[in-house]
Amino acid sequence: MTHELYLKSVDINKHDIPHSDYIYDLPIVKNFSKINFEFPITIFVGENGLGKSTLIEAIATKYGFNAEGGSRNFNFHTRRTESDLNEYTKLIRGPYMPRDGYFFRSESMYNVASNIDDLGISDAYGGKSLHNQSHGESFLSIFFKRFFGNGLYILDEPEAALSPVSQMSLLIRINELVKKNSQFIIATHSPILLACPNAQILEITESGIIEKSYQDTEHFRVMENFFKDPKATVSRLLETNSDL
Ligand SMILES: Nc1ncnc2c1ncn2[C@@H]1O[C@H](COP(=O)(O)OP(=O)(O)O)[C@@H](O)[C@H]1O
Ligand SMILES: [Mg+2]
């Protein structure tokens, strides 16, 4: 650890959440205990539907970011889909304010790109409308041209549009920005991003949040087994599901 973190911890007042609200039953909420951010990079990993995006969104909106993503200056709303989890979320901030910040969520990037065009601020993103770039190129423009360091960056599945080589570029970029006093909170399925140095990996499971080393994550093991013998894995999968 080389610099002070902007976000020190997150906690949830589980007991105040109405039992009728779906967030009450989310595995990530049910088994939540306070997370202390101890590294410049925190990575949430785990199966679909366990609540990673819901948690990351609650952290981001509690911090002051727009629910659909962007910098703290964005306040457009295409559709209200965010949960109420931020009302029950407690953040402890570090002593310094970040000079940059971004809530990047791959699923609503289209709306962010439109908003950037509407505001006429594409210069901050390299000068070309994100809509006139490939999906992956537009992601890279944000990470390489818009992010400038000394920042708090909250990223939800930033790998979604990126090729494996571009994911490696993103790993390099994250590392570069960490050296420029940045903090990242990331939800990802990418075994490449999971390998970021200086990262605390938190695996979300049905029974709780478990701190893991890279090679012990379920994602790493599944991919490792697959690549050991793709043909055999596919045959086994198809046999097991031959009735489908
Ligand atoms: N408005 C909603 N009403 C009921 N359930 C919802 C709503 N929005 C999301 N969910 C549920 O919350 C769960 C967690 O979603 P999400 O946080 O996106 O998971 P993850 O990012 O871990 O894949 C999902 O199973 C989803 O069905
Ligand atoms: Mg998600």
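All values reported here derive from a predicted model rather than from experimental measurement.

1. What about helix H5 (residues 164-179)?
The end-to-end C-alpha separation of H5 is 23 Å, in line with the 22 Å expected for 16 residues at 1.5 Å each. Listed in full, the buried residues belonging to H5 are Ser166, Gln167, Leu170, Leu171, Arg173, Ile174, Leu177 and Val178. Each buried residue of H5 sits inside an arc of 165 degrees when the element is viewed along its axis, so together they form one side. For H5, exposure combined with an orientation more than 90 degrees from the buried face picks out Val165, Ile172 and Lys179. The elements touched by buried residues of H5 are strand S3 (41-46), helix H4 (135-146), strand S6 (151-156) and strand S7 (183-187).

2. Overview of the site of ligand 1
Residues in close proximity to ligand 1 include Tyr22, Leu26, Glu47, Asn48, Gly49, Leu50, Gly51, Lys52, Ser53 and Thr54, which together make up its full environment. Between ligand 1 and tyrosine 22 there is a distance of 3.3 Å, counted from a nitrogen atom to a side-chain nitrogen or oxygen. One nitrogen or oxygen atom from the main chain of glycine 51 is found 2.9 Å from an oxygen atom belonging to ligand 1. When the free accessible area of ligand 1 is taken as 580 Å², the share hidden by the protein chains comes to 54%.

3. A look at the sheet that holds S7
On the basis of which strands lie adjacent, the open sheet formed by six strands has the order S5-S6-S7-S3-S8-S9 and mixed pairing. What marks the edges here is a single partner per strand, and that holds for strand S5 (100-105) and strand S9 (208-212). Adjacent strand axes in the sheet meet at a mean angle of 15 degrees, parallel and antiparallel pairs treated alike. Against the sheet, helix H2 (residues 52-63) engages S3, S5, S6, S7 and strand S8 (199-205), with an angle of about 150 degrees to S6.

Calculation notes
- Residues numbered from 1 in each chain as written.
- Chains lettered and ligands numbered in written order.
- Predicted model: local features only at pLDDT ≥ 70, side-chain atom pairs only at ≥ 80, totals over all residues.
- Heavy atoms only, no water.
- Helix = DSSP H or I, 4+ residues; strand = E, 2+ residues; numbered from the N terminus.
- Expected span 1.5 Å × (residues − 1).
- Buried < 20%, exposed > 50% of the residue type's maximum accessible area, 1.4 Å probe, protein only.
- Arc of directions from axis to C-beta.
- Contact = heavy atoms within 4.5 Å.
- Near = heavy atom within 4 Å.
- Polar contact = N/O pair within 3.5 Å; in protein donor to acceptor, adjacent residues only side chain to side chain.
- Areas by Shrake-Rupley, 256 points an atom, 1.4 Å probe, with all protein chains shown as cover.
- Pairing = 2+ DSSP bridges.
- Axes fitted to C-alpha atoms, helices over the stretch in contact; angles between N-to-C directions.

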